[in-house]
Amino acid sequence: MNTVIRHVRVIDGKGAVFEDQNVLFNQEGIQKITSEEVTADQEIDGNGKSLLPGLIDCHVHLGCGVLGETVPEEEQGLAMVLQMKECIRHGITTVRSMGTADDSDIKVRNLINSGYLKGCRILASGRGISITGGHGWSMNYECDTPAETRKAARKAIQAGADVLKMFATGGMGTKGSIPNAPQLSEEQMRVVCEEAERRGLLTAAHCTGLEGAKRAIRAGVRSIEHIQMDRETAQMMKERGSYYCPTIVTRYNIIHSTEPEYEFMRKKASPQDLERKKKAIELCLEYGVPICAGTDSIGSVCNNGLTRMGESLLTELGIYHEFGMSNMQVIESATSVAAQMLQIEDETGALEEGKCADMILVEGKPDYNLDDLKELVMTVRAGEILYCRE
Ligand SMILES: [Zn+2]
């Protein structure tokens, strides 16, 4: 079935805006973007609205059990289905799952890819890779030598991972873990990158401290998560072509949380962290390091964890703007730049003929007022309308 969205403002995700377009799409993809009239089986009025590529959250933890709880697989599955719904309801059509307590994100991805389940496109890591007792150890392959690490990378690949998630430093979410302390060695991360490269897979490193980040960048890791940057790391990332995934909303939530269960994280954080994150955004803009949007949303069965999946991406994007990115740069960080980082730019991340129809329709002009992204009218995923405002 063909659908056309008529007289809509198209924000292509790559910096261009086209007024008064007719966008024809179906499950095969975006068929036509034109100012000429086209007919279709279904017509949607796009007057006063903007059409954008579906948003991408490059750092989520699907399911639950990230903070060390043991969770039965059926609860994991239920949590993920609810989280998918929340993502779609907030305009997110792609997520990169960055560590789960088991490989259930890979199983849910397979269900979505085979059409049994409707939801976001998932790029899944399954279990992560860390040192023994390292950050997130309860959900990781634990390894201490390059040979053990290569084996872990191969195990993750065997399980079906799209991305090999490494823990270069300690962090907030594991009790007893020291955020700035380096963990995996450069050599360990290098063997993971070698294994990933052989299969055309993605790599990512959790890096809270700078020493661990430098190891990860030198080892060739594609995306560097969380770090508070200095000039040297910004320069290294630019030279190596690494991407920065900021996840600022989670640090904000930790600092402002009041629940006793997050007390252990609150103690490791400080309000100055947000100033440091602002500096990191400014350095990326200055050095030309690409920023891909990510939240570090951590799930729970009913999606009421520390950083809720879905809505948190819109908060994260608002912070980027507050920290100096233009509205269009912010939109690109969650569309075309994120798609490039994920190596799926041929499929999604931009509104172009031939691309998969992953799109969102919003009221207003988010390139003028980013808050208009919250005025979601419709989410289209692979040509199917999965959310439509009442
Ligand atoms: Zn994370």
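Residues numbered from 1 in each chain as written. Predicted model: local features only at pLDDT ≥ 70, side-chain atom pairs only at ≥ 80, totals over all residues. Heavy atoms only, no water.

Participant: How should I be thinking about the pairing of strand β16 (residues 359-363) in this particular structure?
Facilitator: On a regular strand, one side chain projects to one face of the sheet and the next to the other, so that they alternate. Most of β16 sits out of view: four of its five residues are buried. Bridge count between strand β5 (residues 49-53) and β16: five bridges; the pairing is antiparallel. Across the sheet, the residue bridging to L52 is I360, located in β16. With four bridges connecting them, β16 and strand β17 (residues 376-381) associate as antiparallel partners. Within the sheet, the bridge partner assigned to L361 lies in β17 and is M378. (Buried < 20%, exposed > 50% of the residue type's maximum accessible area, 1.4 Å probe, protein only. Helix = DSSP H or I, 4+ residues; strand = E, 2+ residues; numbered from the N terminus. Pairing = 2+ DSSP bridges.)

Participant: Quick question: what am I supposed to make of the domain arrangement of the protein here?
Facilitator: Interface size is commonly expressed as the accessible surface area that is lost when the partners come together. Domains assigned within the protein are domain 1 (3-53 + 349-388) and domain 2 (55-341). Spacing between the C-alpha centres of domain 1 and domain 2 amounts to 29 Å. Tallying the contact residues gives 25 residues for domain 1 and 23 residues for domain 2. In total, domain 1 and domain 2 occlude about 1900 Å² of area from one another, counting both sides; carbon and sulfur atoms represent 70% of this. (Domains from an automatic or database assignment. Contact = heavy atoms within 4.5 Å. Buried area = accessible area lost by both parts, 1.4 Å probe.)

Participant: Teacher, can you tell me more about the side chain of T174 here?
Facilitator: Summarising the element assignment, T174 is placed in the loop between β11 (163-167) and α4 (186-199). We classify T174 as buried; its relative accessible area is 12%. Not counting the four nearest positions on each side in its chain, T174 is found in contact with G134, H135, G136, W137, F264 and K268.

Participant: How should the sheet that holds strand β15 (residues 297-298) be read in this particular structure?
Facilitator: Two orientations exist for strands paired in a sheet by backbone hydrogen bonds: parallel and antiparallel. Taken in spatial order, the four strands line up as β8-β7-β6-β15 in an open sheet, and their pairing is parallel. The open sheet has two edge strands, β8 (121-124) and β15, and neither has a second partner. The sheet contact formed by strand β6 (residues 55-61) and strand β7 (residues 92-97) spans four bridges and is parallel. Each residue of the ladder has a partner; that of D57, found in β7, is V95.

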